[in-house]
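Chain and residue survey
The primary structure of each chain is shown beneath.
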Amino acid sequence: MAHHLLEMPITEEKARSLKIGDTVTLEQTLFGIRDATLIHMFDKGRKVKFDLHGHAVIHTAPNVHRVPVSNEAPVGYKPFCIGTTTSMRMERFTHDLMDREGVRIIVGKGGMGPDTLAAFAEFGGAYLAIVGGAAALETTWIEQIVDIDMDDLHPESLWKFQIRNFGPLLVGMDSHGGSLYADLQKDVASRRDAVLKSIGAV
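Reading the values: the criteria
Positions within a chain are numbered from 1, following the residues in the order the chain's sequence is written. Only residues with pLDDT of at least 70 get local features here, since the model is predicted, and only at 80 or more are side-chain atom pairs given and counted; chain-wide, interface and lining totals rely on the full set of residues. Excluding hydrogens and water, the side-chain values take into account all heavy atoms of the structure. Counting from the N terminus, the helices are the DSSP runs of H or I reaching at least four residues and the strands are the DSSP runs of E reaching at least two. Restricting the calculation to C-alpha atoms gives the radius of gyration, and the globule rule supplies 2.2 Å times the number of residues raised to the power 0.38. Exposure categories follow from relative accessible area, calculated using a 1.4 Å probe and restricted to protein chains: below 20% of the type maximum is buried, above 50% is exposed, and the middle band is partly exposed. Per-residue and other accessible areas were derived by the Shrake-Rupley procedure at a 1.4 Å probe size, with only the shown protein chains allowed to occlude residues. Charge assignment in this entry is limited to Lys and Arg as positive and Asp and Glu as negative, and neither His nor the chain termini are counted. Positions of charges follow a simple convention, taking NZ of Lys, CZ of Arg, CG of Asp or CD of Glu. Geometry of aromatic contacts follows a simple scheme: Phe, Tyr and Trp rings, the Trp one being its six-membered ring, pair when their centres are within 6.5 Å, and the pair is stacked under 30 degrees between planes, edge-to-face over 60, tilted otherwise. Here, two residues are considered to be in contact whenever any of their heavy atoms come within 4.5 Å of each other. Here, the arc refers to the directions that run from the helix axis to the C-beta atoms. Nonpolar cores are built from buried Ala, Val, Leu, Ile, Met, Phe, Trp, Tyr and Cys residues. Side-chain atoms within 4.5 Å join them into one set.

The number of helices and strands found in the protein is six helices and nine strands. In summary, the protein has a C-alpha radius of gyration of 18 Å against a globular reference of 17 Å for 202 residues, a match within 12%. The principal-axis extents of the C-alpha atoms in the protein amount to approximately 65 × 35 × 35 Å. Each of the 202 residues in the protein was classed as buried or not, and the buried ones make up 49%. Of the accessible surface of the protein, which amounts to about 9700 Å², a share of 53% is contributed by carbon and sulfur atoms. On the protein, the mean spot of the 21 positive side-chain charges and the mean spot of the 26 negative ones are 4 Å from each other.

According to the stated counting rule, one finds six aromatic pairs in the structure shown. Where Phe31 meets Phe50, the ring centres are 5.3 Å apart and the plane angle is 45 degrees; that geometry is what we call tilted. Placement of Phe31 in strand E2 (residues 23–33) and of Phe50 in the loop between helix H2 (35–43) and strand E3 (56–59) is noted, with a sequence separation of 19 residues between them. Centroid distance Tyr127 to Tyr181: 5.8 Å. Interplanar angle 85 degrees. Geometry classified as edge-to-face. Here Tyr127 is found in strand E7 (residues 126–129), whereas its partner Tyr181 is found in helix H6 (residues 180–198), with 54 residues between them in sequence.

Before going further, it helps to spend a moment on the environment of Gly111. As for its placement among the helices and strands, Gly111 is situated in the loop between strand E6 (105–108) and helix H4 (114–123). When the C-alpha atoms of Gly111 and Met8 are compared, they prove to be 22 Å apart, with 103 residues separating the residues in sequence. Aside from chain neighbours lying at most four places away, what touches Gly111 is Ser87, Met88, Tyr127 and Tyr181.

Let us look at H4. Regarding H4, the residues found buried are Thr116, Leu117, Ala119, Phe120 and Phe123. One side of H4 holds all its buried residues, which, seen down the axis, span an arc of 160 degrees. The exposed set on the far side of H4, more than 90 degrees from its buried face, consists of Pro114 and Asp115. The inward-facing, buried residues of H4 abut helix H1 (12–16), helix H3 (94–99), E6, E7 and strand E9 (158–173).

The subject of this paragraph is the nonpolar core. Ranked by size, the top nonpolar core spans 28 residues in total, and within it Leu26, Ile105, Val107 and Phe166 carry the most contacts. Breaking this core down by element, the ones donating at least two residues are E2, E3, E6, E7, strand E8 (142–149) and E9. Top contributing element to this core by residue count: E9, with six residues. Phe166 has contacts with Val24, Thr25, Leu26, Leu30, Ile58, Val107, Ile130, Glu138, Trp141 and Ile142, leaving out every residue within four places of it along the chain. Of all hydrophobic cores here, the second largest spans 27 residues; its members include Phe42, Leu52, Ala129 and Met150.

Take unusual backbone geometry next. With an omega of 5 degrees, the peptide bond running from His154 to Pro155 counts as cis. Tracing the sequence through the fold places Pro155 in the loop between E8 and E9. Unlike most non-glycine residues, Gln28 shows phi in positive territory, near 85 degrees. Within the secondary structure layout, Gln28 lies in strand E2. Positioned with a positive phi, Met150 is a non-glycine residue whose angle comes to about 55 degrees.

Purely spatial values, then, with no claim about function.
Here it is as C-alpha cells:
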C-alpha cells in the first residue's frame, strides 16, 4: 500500500496507479457535484463551462455563505460546511461523467457499484472514500470557492474549489476491479450464511 500526492488534474496512467487500500491527498482543484447537477448535465443535456478532464469531483451540496465579491471570495461565496453525501445515488452517471467530461477521480461516501467499477476499468479512475461525519474537517481542506456553474441549482451547483492537503483519503475502488465495498459485501454475506446455518435457519 502506498500514499499518493496528486496535483490535479492527473493522467490516466496516474489514475491507474492507484490501488485499493492506498491513500491519497489531493492538491489544487476539486469540483463539487451532486444529483441535480448530474441530472441537468446528462438527462437534460446542459453543457458545463469547466474543463473537467483529469480532475476529481466530490459528491456534495455545500453549505456556503453569500458574501461580497473580493479576492478571498471571487464569486461571492465562502465555504461554511462542505460535507460529502452518499455516492450510490449517482451510480448511473459515472460512465458518462468519465467518457464525456474526462473525470478521473470520484470522492464520496459509502462507495459505488459495478457500473462505476466498470467505468474505472474502461477509462482509468478511482473512488476515494470519506468517512461520514467529517464535514468540519473537510471544510478546513478547502481554501476558496474560486468559481461556480449552474448556480440556478444552488446548492447543487457545479462548484470549483481551491484545495490544500485534501486528505488523506482511502482508495475504495480502483481501475483493476478492486472494490473494498464489494469485498465487504461478500464477507458479510458469508458470515450471515454461517450464522444462519449454525442456528439451523437454513
